[in-house]
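# Commentary on secondary and tertiary structure
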Amino acid sequence: LEPANDYTDITTAMLQKEKVLWKCLVGGAKKWKEGLLQKNIATAHGMTLLTARKAEKKNDYFLIEFVWNDEGLTFAEVLHYAGVIPLPPYLERPAEEKDKTAYQTIYAVHDGSVAAPTAGLHFTNRVFDALSARNIDTAFVTLHVGAGTFKPVKAAVMQEHEMHAEFFEVSKELVEHITVKIDDGIIAVGTTSLRTIESLYWMGVKICSFYENTNIDDITADEISVKQWDAYELPANIPAGKALNALLQWMNARGLTRIITKTQIIIAPGYMLRVAKGLATNFHQPQSTLLLLVAAVVGNDWKKIYDYALTHNFRFLSYGDGSLLFKNY
């Protein structure tokens, strides 16, 4: 799911050699009593022995230590040789060679996501060329989608649901680009991208609030990471441009060219989009935080949209159809 707390970010954990600790879901965990699991994997260097040990059991995951006997391999390379594409279970088939490209965005670069950010699957080189021909810019964030994206809302009311935190990485150039284009109409591709760029606003709001009482370069990354209810408790009257410029000033003061952090923001009815004006996304399942997010963007019209999708046999979920939604306020 994500690295243990020993590592600062996913990239660092992916580059570990010989051993690493990760938070994992384990299928058939009751059958794994004690001891080690071992698997010989074929790599470019020959056969490598991969070992897994249950280090600790938590409420929602296991802490697993992976060890391999080839000091030249990173954990990312081990996963490449030993793993399979994590297809959605409802497809009810094993992963095939074609899934390595079909279940992947054309612009993916870094290892680390639990699943593909599936709204991006709709974008091809032809689509990007068509956007460019219409003077529509594209810019990129690095997302590490977590399993919590798919965690159903089981609480009776939204306030009792614990929102998942997900890693993201953005460059200083991206924040500058968004700041310049904020009035032109920014469309987020995918719910995680939307949560990311909206989180940049709230990070800036936190900096504005802290800056009143402390030097801007003394504000830490942990202090401005976005918690679940921040968007509903922080001052909401700060313009987007001002908040994003505060974030840029903070990055400059700390000599940062990129931000690597987590966001736990929940976007649900009552939330007002601060950065994005629209969202390209797939059709999501009931009782999910993703459907709450859609309802926050378009209001009660989400019911009409989903009724239309259902009556016209649209495909839902990861390999499904897409929608382009604009905020309805």
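The numbering scheme is per chain: residues are counted from 1 as the chain's sequence reads. Restriction of local features to residues with pLDDT of at least 70 applies here, the model being predicted, together with a cutoff of 80 or more for giving and counting side-chain atom pairs; totals for whole chains, interfaces and linings are based on all residues. Working from all heavy atoms in the structure, the side-chain values ignore hydrogens and water.

### Re the overall build of the protein
What the protein contains, in helices and strands, is 11 helices and 11 strands. Here the C-alpha radius of gyration of the protein, 21 Å, is about what a compact globule of 329 residues would show, namely 20 Å. If you line up the protein on its principal axes, its C-alpha atoms span 55 × 55 × 45 Å. Think of it in three bands: with a 1.4 Å probe and only protein chains considered, a residue is buried below 20% of the maximum accessible area for its type, exposed above 50%, and partly exposed in between. Put simply, the protein has 329 residues, and 43% of those count as buried. When checking whether two residues touch, look at their non-hydrogen atoms; a contact exists if any pair is within 4.5 Å. Looking at the protein alone, contacts between residues at least 24 apart form 70% of all its contacts between residues at least 6 apart. Secondary structure elements follow DSSP: runs of H or I no shorter than four residues count as helices, runs of E no shorter than two count as strands, and numbering proceeds from the N terminus. Radius of gyration: over C-alpha atoms. The globule rule applied is 2.2 Å multiplied by the number of residues raised to the 0.38 power.

### Considerations on the pairing of strand β3 (residues 36-43)
Regular strands show a simple pattern: their side chains alternate between the two faces of the sheet. Across eight bridges, β3 lies against strand β4 (residues 46-57) in antiparallel orientation. Following the sheet pairing, L36 is matched in β4 by R53. In this antiparallel pair of consecutive strands, β3 and β4, the connection spans two residues. Pairing between strands is defined by DSSP: at least two bridges between the two strands are required.

### Re the sheet that holds strand β8 (residues 187-189)
Pairing within the open sheet is mixed, and its three strands lie in the order β8-β10-β11. Edge positions in the sheet fall to β8 and β11 (322-326), since each has one partner strand and no second. Between one strand axis and the next, the sheet turns by 20° as a mean value, whatever way the strands run. For every element, the axis is a line fit to its C-alpha atoms; helices are fit only across the contacting stretch, and the angle between N-to-C directions ranges from 0 to 180 degrees. The strands touched by helix α6 (residues 191-211) within the sheet are β8 and β10 (278-282), with β8 carrying the most contacts at an inclination of about 130°.

### Topic: the confidence of the model for the protein
Looking at the protein as a whole, the pLDDT averages 90, with 94% of positions reaching at least 70. Of all secondary-structure elements in the protein, the lowest mean pLDDT belongs to helix α3 (residues 99-102), at 84, while β8 reaches the highest, 97. On a range of 0 to 100, pLDDT expresses the predictor's confidence in each residue.

### Description of the pattern of salt bridges
Salt bridge, as used here, is a side-chain nitrogen of Lys or Arg placed within 4 Å of a carboxyl oxygen of Asp or Glu. Enumeration over the complete set of coordinates arrives at 14 salt bridges. Ionic pairing is found between K100 and E97, a salt bridge with its closest N-O pair at 3.6 Å. Between D321 and R315 there is a salt bridge, with the nearest N and O atoms lying 3.2 Å from each other. Bridged by salt links that share partners, the residues R93, E96, K98 and D99 form one connected network.

### A look at the pairing of strand β7 (residues 166-171)
In terms of burial, β7 is largely enclosed, as six of its six residues are buried. Of the pairings in the sheet, the one linking strand β6 (residues 142-144) to β7 comprises three bridges and is antiparallel in character. Pairing of H144 across the sheet is with F167, part of β7. Pairing of β7 with strand β9 (residues 258-263), which is carried by six bridges, proceeds in the antiparallel orientation. When the bridges of β9 are listed, E169 appears paired with I260.

### Details of the packing of helix α10 (residues 289-298) against helix α11 (residues 301-311)
It is at 8 Å that the axes of α10 and α11 come closest, and there the two elements cross at 120°. It follows from the interaxial angle that α10 and α11 lie oblique. Residues L291, V294, A295 and V298 of α10 touch α11, and the partners they reach there are D301, W302, I305 and Y306. Each residue gets one of three labels, nonpolar for Ala, Val, Leu, Ile, Met, Phe, Trp, Tyr, Cys and Pro, charged for Asp, Glu, Lys and Arg, and polar for the others, Gly among them. Per-class residue counts for the contact of α10 with α11 are seven nonpolar, no polar and one charged. Each angle receives one of four descriptions, namely roughly parallel if under 35 degrees, roughly antiparallel if over 145, roughly perpendicular if within 65 to 115, and oblique otherwise.

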